[in-house]
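Each chain is listed here by its residues.
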Amino acid sequence: MIERIAALRAELDNITASDKNAVEELRIKYLGKKGLIPALMADFRNVPAESKKEVGRAVNELKEYAQSRISELKESFDSQDNEVSADLDLTRTATPTPCGTRHPLSLVRNEILEIFGSMGFTIAEGPEIEDDWHVFESLNFPPDHPARDMQDTFFIDRENADVLLRTHTSSVQTRTMEHSQPPIRIVCPGRVYRNEAISARAHCFFHQVEGLYIDKNVSFADLEQVLLGFARRMFGPDTRIRLRPSYFPFTEPSAEMDISCHICGGKGCALCKGTGWVEILGCGMVDPNVLRNCGIDPEVYSGYAFGMGVERIANLKYKVKDLRLFSENDVRFLNEFISAH
Ligand code: DAH
(Lines give C-alpha, C1' and ligand atoms only; values in the text may rest on other atoms or scores of the structure.)
Protein backbone atom coordinates (compact mmCIF):
# COMPACT_ATOMS: atom_id res chain seq x y z
CA MET A 1 0.00 0.00 0.00
CA ILE A 2 2.74 2.38 1.02
CA GLU A 3 4.49 1.64 -2.26
CA ARG A 4 1.38 2.37 -4.32
CA ILE A 5 1.11 5.66 -2.50
CA ALA A 6 4.72 6.54 -3.22
CA ALA A 7 4.31 5.64 -6.90
CA LEU A 8 1.23 7.84 -7.25
CA ARG A 9 2.99 10.71 -5.54
CA ALA A 10 5.85 10.42 -8.01
CA GLU A 11 3.37 10.43 -10.87
CA LEU A 12 1.70 13.52 -9.48
CA ASP A 13 5.06 15.28 -9.33
CA ASN A 14 5.29 15.00 -13.10
CA ILE A 15 1.76 15.67 -14.29
CA THR A 16 1.38 18.32 -16.96
CA ALA A 17 -1.58 19.48 -19.03
CA SER A 18 -1.87 21.32 -22.30
CA ASP A 19 -5.23 22.94 -21.57
CA LYS A 20 -8.08 23.14 -19.08
CA ASN A 21 -9.71 19.99 -20.41
CA ALA A 22 -6.56 18.02 -19.81
CA VAL A 23 -6.54 19.26 -16.21
CA GLU A 24 -10.09 18.06 -15.79
CA GLU A 25 -9.13 14.67 -17.15
CA LEU A 26 -6.31 14.44 -14.62
CA ARG A 27 -8.68 15.39 -11.85
CA ILE A 28 -11.04 12.60 -12.87
CA LYS A 29 -8.16 10.17 -13.18
CA TYR A 30 -6.83 10.79 -9.66
CA LEU A 31 -9.67 12.22 -7.64
CA GLY A 32 -12.87 11.34 -9.55
CA LYS A 33 -15.33 8.88 -7.99
CA LYS A 34 -13.70 5.97 -9.75
CA GLY A 35 -10.26 7.55 -9.66
CA LEU A 36 -7.01 6.11 -8.34
CA ILE A 37 -7.03 7.80 -4.97
CA PRO A 38 -10.61 6.86 -4.02
CA ALA A 39 -9.74 3.30 -5.11
CA LEU A 40 -6.78 3.41 -2.75
CA MET A 41 -9.08 4.58 0.00
CA ALA A 42 -11.47 1.73 -0.73
CA ASP A 43 -8.59 -0.71 -0.20
CA PHE A 44 -7.83 0.92 3.12
CA ARG A 45 -10.12 -1.47 4.95
CA ASN A 46 -7.75 -4.37 4.06
CA VAL A 47 -4.81 -2.70 5.79
CA PRO A 48 -3.82 -4.52 8.99
CA ALA A 49 -4.88 -2.71 12.15
CA GLU A 50 -1.32 -1.97 13.31
CA SER A 51 -0.51 -0.09 10.04
CA LYS A 52 -3.81 1.75 9.74
CA LYS A 53 -2.55 4.90 11.40
CA GLU A 54 0.55 5.24 9.23
CA VAL A 55 -1.17 4.28 5.98
CA GLY A 56 -4.21 6.46 6.77
CA ARG A 57 -2.02 9.53 7.16
CA ALA A 58 -0.11 8.74 3.95
CA VAL A 59 -3.34 8.33 1.95
CA ASN A 60 -4.72 11.61 3.26
CA GLU A 61 -1.50 13.42 2.44
CA LEU A 62 -1.55 11.96 -1.05
CA LYS A 63 -5.11 13.14 -1.57
CA GLU A 64 -4.24 16.67 -0.43
CA TYR A 65 -1.18 16.67 -2.63
CA ALA A 66 -3.21 15.58 -5.64
CA GLN A 67 -5.76 18.32 -4.96
CA SER A 68 -3.11 21.01 -4.70
CA ARG A 69 -1.28 19.84 -7.87
CA ILE A 70 -4.48 19.87 -9.86
CA SER A 71 -5.61 23.30 -8.66
CA GLU A 72 -2.11 24.62 -9.42
CA LEU A 73 -2.44 23.44 -13.01
CA LYS A 74 -5.97 24.80 -13.25
CA GLU A 75 -4.94 28.25 -11.98
CA SER A 76 -2.16 28.48 -14.52
CA PHE A 77 -4.82 28.33 -17.24
CA ASP A 78 -7.20 30.73 -15.43
CA SER A 79 -4.52 33.41 -15.28
CA GLN A 80 -3.72 32.88 -18.95
CA ASP A 81 -7.34 33.80 -19.72
CA ASN A 82 -6.70 37.28 -18.34
CA GLU A 83 -3.61 37.85 -20.38
CA VAL A 84 -3.80 39.82 -23.64
CA SER A 85 -4.93 37.41 -26.29
CA ALA A 86 -3.37 37.50 -29.71
CA ASP A 87 -6.49 38.77 -31.48
CA LEU A 88 -7.00 41.81 -29.24
CA ASP A 89 -6.32 44.94 -31.29
CA LEU A 90 -5.03 47.66 -29.02
CA THR A 91 -4.92 50.19 -31.84
CA ARG A 92 -8.70 50.09 -32.34
CA THR A 93 -10.50 53.34 -31.45
CA ALA A 94 -12.28 53.08 -28.13
CA THR A 95 -16.06 53.27 -27.93
CA PRO A 96 -16.78 56.94 -27.32
CA THR A 97 -18.17 57.77 -23.89
CA PRO A 98 -21.02 60.23 -24.27
CA CYS A 99 -20.27 63.41 -22.34
CA GLY A 100 -22.56 66.32 -21.66
CA THR A 101 -22.87 69.37 -23.86
CA ARG A 102 -23.33 72.99 -22.94
CA HIS A 103 -26.91 74.14 -23.06
CA PRO A 104 -27.56 76.31 -26.14
CA LEU A 105 -28.63 79.19 -23.91
CA SER A 106 -25.34 78.97 -22.01
CA LEU A 107 -23.46 78.96 -25.29
CA VAL A 108 -25.26 82.07 -26.50
CA ARG A 109 -25.02 83.85 -23.14
CA ASN A 110 -21.29 83.10 -22.95
CA GLU A 111 -20.80 84.39 -26.47
CA ILE A 112 -22.66 87.63 -25.67
CA LEU A 113 -20.60 88.09 -22.48
CA GLU A 114 -17.38 87.36 -24.31
CA ILE A 115 -18.08 89.93 -27.01
CA PHE A 116 -18.92 92.66 -24.51
CA GLY A 117 -16.05 91.48 -22.28
CA SER A 118 -13.65 92.18 -25.12
CA MET A 119 -15.03 95.74 -25.25
CA GLY A 120 -14.29 96.32 -21.56
CA PHE A 121 -17.59 95.35 -19.93
CA THR A 122 -17.39 93.37 -16.69
CA ILE A 123 -20.06 91.00 -15.41
CA ALA A 124 -22.49 91.98 -12.66
CA GLU A 125 -25.26 89.87 -11.21
CA GLY A 126 -28.23 90.40 -8.93
CA PRO A 127 -30.95 88.40 -7.16
CA GLU A 128 -33.92 86.83 -8.95
CA ILE A 129 -36.19 87.55 -6.00
CA GLU A 130 -36.34 91.32 -5.97
CA ASP A 131 -38.21 94.25 -4.54
CA ASP A 132 -40.36 96.82 -6.26
CA TRP A 133 -37.72 99.54 -5.90
CA HIS A 134 -35.03 97.72 -7.89
CA VAL A 135 -37.31 96.28 -10.57
CA PHE A 136 -39.69 99.19 -11.08
CA GLU A 137 -39.58 102.31 -8.97
CA SER A 138 -35.89 103.18 -9.26
CA LEU A 139 -36.19 102.61 -13.00
CA ASN A 140 -38.78 105.34 -13.34
CA PHE A 141 -41.88 103.17 -13.77
CA PRO A 142 -44.87 105.35 -12.94
CA PRO A 143 -47.04 103.80 -10.19
CA ASP A 144 -49.76 102.84 -12.65
CA HIS A 145 -47.46 101.35 -15.31
CA PRO A 146 -49.02 98.18 -16.78
CA ALA A 147 -45.84 96.18 -16.13
CA ARG A 148 -46.66 96.36 -12.45
CA ASP A 149 -49.91 94.57 -13.15
CA MET A 150 -50.39 91.08 -11.73
CA GLN A 151 -50.72 89.91 -15.33
CA ASP A 152 -47.03 90.35 -15.93
CA THR A 153 -45.30 90.02 -12.61
CA PHE A 154 -45.09 87.09 -10.21
CA PHE A 155 -45.47 88.44 -6.71
CA ILE A 156 -44.05 86.19 -4.02
CA ASP A 157 -46.65 87.19 -1.49
CA ARG A 158 -50.19 88.27 -2.53
CA GLU A 159 -50.49 90.51 0.49
CA ASN A 160 -47.14 92.18 -0.05
CA ALA A 161 -46.60 93.56 -3.54
CA ASP A 162 -43.06 94.59 -2.62
CA VAL A 163 -41.45 91.16 -3.04
CA LEU A 164 -41.46 89.73 -6.55
CA LEU A 165 -39.59 87.73 -9.16
CA ARG A 166 -37.67 90.17 -11.32
CA THR A 167 -39.27 90.73 -14.72
CA HIS A 168 -36.04 92.01 -16.27
CA THR A 169 -32.33 92.24 -15.51
CA SER A 170 -32.52 96.05 -15.53
CA SER A 171 -32.79 95.71 -11.73
CA VAL A 172 -29.05 94.93 -11.70
CA GLN A 173 -28.43 98.42 -13.13
CA THR A 174 -29.87 99.97 -9.99
CA ARG A 175 -28.09 97.52 -7.69
CA THR A 176 -24.74 98.33 -9.30
CA MET A 177 -25.18 102.10 -9.49
CA GLU A 178 -26.35 102.23 -5.88
CA HIS A 179 -23.02 101.04 -4.58
CA SER A 180 -20.50 102.28 -7.14
CA GLN A 181 -19.63 105.51 -8.87
CA PRO A 182 -18.87 105.94 -12.61
CA PRO A 183 -17.21 104.88 -14.74
CA ILE A 184 -19.48 101.83 -14.71
CA ARG A 185 -19.39 99.41 -17.60
CA ILE A 186 -21.26 96.15 -16.94
CA VAL A 187 -23.19 93.35 -18.57
CA CYS A 188 -25.71 91.53 -16.39
CA PRO A 189 -26.82 88.04 -17.41
CA GLY A 190 -29.66 86.31 -15.64
CA ARG A 191 -33.03 84.66 -15.54
CA VAL A 192 -36.21 86.69 -15.46
CA TYR A 193 -39.85 85.79 -14.85
CA ARG A 194 -43.15 86.93 -16.28
CA ASN A 195 -46.67 85.74 -15.66
CA GLU A 196 -47.26 84.47 -19.20
CA ALA A 197 -49.00 81.36 -20.48
CA ILE A 198 -46.38 78.95 -21.83
CA SER A 199 -46.45 78.54 -25.61
CA ALA A 200 -44.02 78.17 -28.50
CA ARG A 201 -43.45 81.94 -28.38
CA ALA A 202 -43.71 82.85 -24.70
CA HIS A 203 -42.53 81.37 -21.43
CA CYS A 204 -42.94 82.25 -17.79
CA PHE A 205 -39.18 82.43 -17.42
CA PHE A 206 -36.43 83.34 -19.85
CA HIS A 207 -32.98 84.89 -19.87
CA GLN A 208 -31.64 88.35 -20.54
CA VAL A 209 -28.37 90.19 -20.73
CA GLU A 210 -28.49 93.79 -19.65
CA GLY A 211 -25.78 96.30 -20.50
CA LEU A 212 -24.95 99.59 -18.81
CA TYR A 213 -22.29 102.20 -19.40
CA ILE A 214 -22.11 105.35 -17.28
CA ASP A 215 -19.32 107.89 -17.57
CA LYS A 216 -18.70 111.51 -18.52
CA ASN A 217 -19.72 112.44 -22.06
CA VAL A 218 -21.33 109.15 -23.06
CA SER A 219 -23.48 109.70 -26.14
CA PHE A 220 -26.01 107.88 -28.27
CA ALA A 221 -23.29 107.50 -30.92
CA ASP A 222 -21.23 105.44 -28.44
CA LEU A 223 -24.23 103.19 -27.91
CA GLU A 224 -24.73 102.74 -31.61
CA GLN A 225 -21.08 101.81 -32.23
CA VAL A 226 -20.96 99.28 -29.42
CA LEU A 227 -24.18 97.64 -30.61
CA LEU A 228 -23.00 97.57 -34.22
CA GLY A 229 -19.78 95.88 -33.08
CA PHE A 230 -21.78 93.36 -31.10
CA ALA A 231 -24.19 92.59 -33.97
CA ARG A 232 -21.37 92.01 -36.42
CA ARG A 233 -19.52 89.64 -34.14
CA MET A 234 -22.67 87.76 -33.23
CA PHE A 235 -24.30 87.54 -36.65
CA GLY A 236 -21.49 88.12 -39.16
CA PRO A 237 -19.38 91.02 -40.47
CA ASP A 238 -21.92 92.14 -43.09
CA THR A 239 -24.68 92.69 -40.54
CA ARG A 240 -26.30 96.15 -40.57
CA ILE A 241 -28.30 97.63 -37.72
CA ARG A 242 -31.17 100.07 -37.49
CA LEU A 243 -32.48 101.87 -34.43
CA ARG A 244 -36.21 102.63 -34.23
CA PRO A 245 -37.61 105.09 -31.67
CA SER A 246 -39.38 103.29 -28.84
CA TYR A 247 -40.37 103.74 -25.21
CA PHE A 248 -38.93 102.40 -21.97
CA PRO A 249 -39.48 104.21 -18.67
CA PHE A 250 -35.79 104.03 -17.75
CA THR A 251 -34.26 105.43 -20.94
CA GLU A 252 -34.72 108.69 -22.80
CA PRO A 253 -34.50 108.61 -25.75
CA SER A 254 -35.29 104.91 -26.14
CA ALA A 255 -34.91 102.70 -29.16
CA GLU A 256 -35.35 99.19 -30.42
CA MET A 257 -32.60 97.72 -32.50
CA ASP A 258 -33.07 95.57 -35.58
CA ILE A 259 -30.36 93.70 -37.44
CA SER A 260 -30.43 93.06 -41.17
CA CYS A 261 -31.87 89.57 -41.56
CA HIS A 262 -28.94 87.15 -41.44
CA ILE A 263 -30.92 84.50 -43.30
CA CYS A 264 -31.82 86.44 -46.45
CA GLY A 265 -29.26 89.21 -46.06
CA GLY A 266 -32.04 91.81 -46.04
CA LYS A 267 -33.94 90.77 -49.16
CA GLY A 268 -36.96 89.53 -47.24
CA CYS A 269 -37.81 85.97 -46.12
CA ALA A 270 -40.10 84.04 -43.77
CA LEU A 271 -37.90 84.77 -40.72
CA CYS A 272 -37.99 88.55 -41.18
CA LYS A 273 -41.54 88.39 -42.52
CA GLY A 274 -40.41 89.95 -45.76
CA THR A 275 -39.07 93.12 -44.10
CA GLY A 276 -35.34 92.28 -44.27
CA TRP A 277 -34.98 93.24 -40.56
CA VAL A 278 -35.29 91.37 -37.26
CA GLU A 279 -35.60 92.98 -33.85
CA ILE A 280 -33.01 91.93 -31.28
CA LEU A 281 -32.92 94.33 -28.37
CA GLY A 282 -34.09 97.45 -26.55
CA CYS A 283 -31.78 100.30 -25.61
CA GLY A 284 -31.47 104.00 -24.89
CA MET A 285 -29.78 106.75 -22.90
CA VAL A 286 -30.26 106.23 -19.15
CA ASP A 287 -33.01 108.58 -17.94
CA PRO A 288 -31.61 111.29 -15.60
CA ASN A 289 -34.27 110.28 -13.04
CA VAL A 290 -32.74 106.81 -12.86
CA LEU A 291 -29.25 108.22 -12.30
CA ARG A 292 -30.59 110.49 -9.59
CA ASN A 293 -32.47 107.60 -7.94
CA CYS A 294 -29.19 105.70 -7.70
CA GLY A 295 -27.13 108.59 -6.32
CA ILE A 296 -25.35 109.56 -9.55
CA ASP A 297 -25.36 113.19 -10.63
CA PRO A 298 -26.98 113.47 -14.10
CA GLU A 299 -25.38 116.91 -14.54
CA VAL A 300 -21.95 115.26 -14.50
CA TYR A 301 -22.59 111.83 -15.90
CA SER A 302 -24.56 110.29 -18.71
CA GLY A 303 -24.86 106.75 -19.95
CA TYR A 304 -26.58 104.19 -22.10
CA ALA A 305 -28.27 100.89 -21.38
CA PHE A 306 -29.48 97.99 -23.43
CA GLY A 307 -31.24 94.72 -22.77
CA MET A 308 -31.64 91.61 -24.88
CA GLY A 309 -33.30 88.22 -24.57
CA VAL A 310 -30.88 85.30 -24.75
CA GLU A 311 -33.61 82.99 -26.15
CA ARG A 312 -34.32 85.53 -28.86
CA ILE A 313 -30.69 85.61 -29.97
CA ALA A 314 -30.48 81.80 -29.75
CA ASN A 315 -33.65 81.47 -31.85
CA LEU A 316 -32.16 83.64 -34.55
CA LYS A 317 -28.74 82.03 -34.45
CA TYR A 318 -29.86 78.42 -34.32
CA LYS A 319 -33.34 78.74 -35.85
CA VAL A 320 -35.12 77.22 -32.87
CA LYS A 321 -38.80 77.85 -33.48
CA ASP A 322 -40.26 76.64 -30.18
CA LEU A 323 -39.11 78.36 -26.97
CA ARG A 324 -40.20 75.40 -24.87
CA LEU A 325 -37.36 73.28 -26.27
CA PHE A 326 -34.92 75.32 -24.20
CA SER A 327 -36.34 74.11 -20.90
CA GLU A 328 -37.48 70.57 -21.71
CA ASN A 329 -34.00 69.04 -21.55
CA ASP A 330 -34.65 66.66 -24.41
CA VAL A 331 -31.17 65.25 -25.06
CA ARG A 332 -31.92 64.85 -28.79
CA PHE A 333 -32.29 68.64 -28.95
CA LEU A 334 -29.34 69.36 -26.65
CA ASN A 335 -27.05 67.02 -28.59
CA GLU A 336 -27.54 69.12 -31.69
CA PHE A 337 -25.32 71.74 -30.08
CA ILE A 338 -22.25 69.54 -29.53
CA SER A 339 -20.54 70.96 -32.60
CA ALA A 340 -21.35 74.53 -31.54
CA HIS A 341 -18.84 74.32 -28.66
N1 DAH B 1 -35.77 95.73 -19.64
C2 DAH B 1 -36.26 95.68 -21.01
C3 DAH B 1 -37.17 94.47 -21.15
O4 DAH B 1 -37.16 93.63 -20.31
C5 DAH B 1 -35.14 95.59 -21.97
C6 DAH B 1 -34.36 96.87 -22.03
C7 DAH B 1 -34.73 97.87 -22.88
C8 DAH B 1 -33.30 97.06 -21.19
C9 DAH B 1 -34.04 99.04 -22.96
C10 DAH B 1 -32.58 98.25 -21.25
C11 DAH B 1 -32.97 99.24 -22.15
O12 DAH B 1 -31.54 98.50 -20.48
O13 DAH B 1 -32.28 100.40 -22.20
O14 DAH B 1 -37.85 94.37 -22.12
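Residue numbers restart at each chain and count upward from 1, following the sequence in its written direction. The model is predicted, so local features are restricted to residues of pLDDT at least 70 and side-chain atom pairs to those at 80 or more, both for listing and for counting; the totals for chains, interfaces and linings are taken over all residues. Side-chain metrics in this entry use all non-hydrogen atoms of the structure; hydrogen atoms and water are not considered.

S.K.: What's the story with the layout of surface pockets in this structure? I'm lost.
M.R.: Rolled over the atoms, a probe as big as a water molecule pinpoints where empty space is left. In this analysis, the protein atoms alone were mapped onto a 1 Å grid. Cavities are point sets where a 1.4 Å probe fits without being able to get out; pockets are open sets with protein on both sides within 12 Å along at least five of seven lines; lining residues have an atom within 4 Å of a point. Grid points are joined across faces, edges and corners, and a volume is the space filled by probe spheres set on the points. Within this model, the second largest pocket holds a volume of roughly 270 Å³. Around the second largest pocket sit 17 residues that line it, and Leu105, Arg191, Phe205, His207 and Glu311 are the ones nearest its centre. Segments assigned H or I by DSSP are reported as helices when at least four residues long, segments assigned E as strands when at least two residues long, and all are numbered from the N terminus. Among the secondary structure elements, those contributing two or more residues to the lining of the second largest pocket are α5 (104–118), β4 (184–193), β5 (205–215), α10 (310–318) and α11 (325–328). When the residues that make up the lining of the second largest pocket are grouped by side-chain class, the tally is six nonpolar, seven polar and four charged. Each residue gets one label: Ala, Val, Leu, Ile, Met, Phe, Trp, Tyr, Cys and Pro are nonpolar, Asp, Glu, Lys and Arg are charged, and the others, such as Gly, are polar.

S.K.: Quick question: what am I supposed to make of the environment of Pro182 here?
M.R.: Residue position: Pro182 is located in the loop between α7 (171–179) and β4. The class for Pro182 is buried, based on a relative accessible area of 10%. Along the primary structure Pro182 and Ser302 are separated by 120 residues, whereas in three dimensions their C-alpha atoms are 9.4 Å apart. Should any heavy atoms of two residues lie within 4.5 Å, those residues are considered in contact. Contacts of Pro182, omitting those with residues within four sequence positions, involve Ile214, Asp215, Ile296 and Tyr301. Here the term buried applies to any residue with accessible area under 20% of the maximum for its type, exposed to any over 50%, and partly exposed to those in between, with areas from a 1.4 Å probe on protein chains only.

S.K.: Would you mind showing me how to read the sheet that holds strand β6 (residues 241–248) here?
M.R.: Adjacent strands of a sheet form backbone hydrogen bonds with each other and so pair up, either parallel or antiparallel. Only when DSSP finds a minimum of two bridges between them are two strands counted as paired. Read from one edge to the other, the open sheet built from seven strands follows the order β1-β4-β5-β9-β8-β7-β6, with strand pairing classed as mixed. Bordering the open sheet on either side are β1 (122–123) and β6, each of which pairs with just one other strand. Taken together, the eight bridges between β5 and strand β9 (residues 302–309) define a ladder with antiparallel strand orientation. Each residue of the ladder has a partner; that of Leu212, found in β9, is Ala305.

S.K.: Could you clarify how one ought to interpret the pattern of salt bridges in this entry?
M.R.: When charged atoms on two side chains of opposite charge get close, those side chains can pair. A pair is scored as a salt bridge if a Lys or Arg side-chain nitrogen falls within 4 Å of a carboxyl oxygen belonging to Asp or Glu. Under the criterion given, the structure shown has 12 salt bridges. Residue Lys29 is joined to Glu11 by a salt bridge in which the shortest nitrogen-to-oxygen separation is 3.6 Å. With Lys29 in helix α2 (residues 20–31) and Glu11 in helix α1 (residues 2–14), this pair connects stretches of sequence that are 18 residues apart. For Lys29, a relative accessible area of 41% gives the class partly exposed. The class for Glu11 is partly exposed, based on a relative accessible area of 34%. Arg244 serves as the salt-bridge partner of Glu279, at 3.8 Å between the closest nitrogen and oxygen. Taken together, the residues Glu279 in strand β8 (residues 277–286) and Arg244 in strand β6 connect sequence positions 35 residues apart. The structure contains a network of salt bridges with shared partners spanning Arg242, Arg244, Glu256, Asp258 and Glu279.

S.K.: I'm lost on the site of the ligand in this one. Help?
M.R.: Think of it this way: one heavy atom of a residue within 4 Å of a molecule or strand is enough to make that residue near it. Surrounding the ligand, one finds 15 residues, the nearest of these being His168, Ser170, Arg194, Gln208 and Glu210. At a separation of 3.0 Å, a nitrogen atom of the ligand approaches a polar side-chain atom of Ser170. Take Arg194: an N or O atom from its side chain is 2.8 Å from an oxygen atom of the ligand. A total of 350 Å² of accessible area belongs to the ligand in isolation, and the protein chains cover 89% of it. Elements that contribute at least two residues to the shell around the ligand include exactly β5, β8 and β9. Split by residue class, the shell around the ligand holds five nonpolar, eight polar and two charged. Polar contact criterion, stated in full: a pair of N or O atoms within 3.5 Å, where within protein one must be able to donate a hydrogen and the other to accept it, and residues adjacent in sequence count only if both atoms are side-chain atoms. Accessible surface area values rest on a Shrake-Rupley calculation with a 1.4 Å probe, where residue burial reflects the displayed protein chains alone.

S.K.: Can you walk me through the nonpolar core in this structure?
M.R.: Nonpolar side chains tend toward joint burial in soluble globular proteins. Counting 46 residues, the largest nonpolar core has Ile112, Phe116, Ile280, Tyr304, Phe306 and Met308 as its most contacted members. Among the secondary structure elements, those contributing two or more residues to this core are α5, β5, α8 (220–235), β7 (251–260), β8, β9, α10 and α12 (331–334). At eight residues, α8 tops the list of elements feeding residues into this core. If near-sequence neighbours (up to four positions away) are discounted, Ile112 is found in contact with Val209, Phe230, Met234, Met308, Val310 and Ile313. Counting 23 residues, the second largest nonpolar core, distinct from the first, contains Val135, Leu139, Ile186 and Ala305. Take the buried Ala, Val, Leu, Ile, Met, Phe, Trp, Tyr and Cys residues and link them wherever side-chain atoms come within 4.5 Å; each set so joined is a nonpolar core.

S.K.: What is the right way to look at the environment of Val55 in this model?
M.R.: Residue position: Val55 is located in helix α4 (residues 52–82). C-alpha separation for the pair Val55 and Met1, spaced 54 residues apart in sequence, amounts to 7.4 Å. Excluding anything up to four places from it in sequence, Val55 contacts Met1, Ile2, Ile5, Phe44 and Val47.

S.K.: Whenever I open this one, the packing of aromatic side chains confuses me. Can you help?
M.R.: Two aromatic rings are characterised by how far apart their centres lie and by the angle between their planes. Only centres within 6.5 Å qualify two rings of Phe, Tyr or Trp (six-membered ring in Trp) as a pair; their planes then separate them into stacked at under 30 degrees, edge-to-face at over 60, and tilted for everything else. Applying the stated criterion to the full structure yields 13 aromatic pairs. Ring geometry for Phe116 versus Phe230: centroids 4.9 Å apart, planes at 20 degrees, classification stacked. Highlighted residues: Phe116 in helix α5 and Phe230 in helix α8, separated in sequence by 114 residues. The same class applies to Phe116 and to Phe230, which are both buried.

S.K.: Where do I start with α2 in this structure?
M.R.: An α-helical turn contains 3.6 residues, so a residue and the one three or four places further along point in the same direction. The end-to-end C-alpha distance of α2, which contains 12 residues, comes to 16 Å, matching closely the 16 Å that a straight helix rising 1.5 Å per residue would cover. In this structure Asp19 caps α2, since a side-chain oxygen of it lies 3.2 Å from the backbone nitrogen of Asn21. Working rule for helices: expected span equals 1.5 Å times residues minus one.

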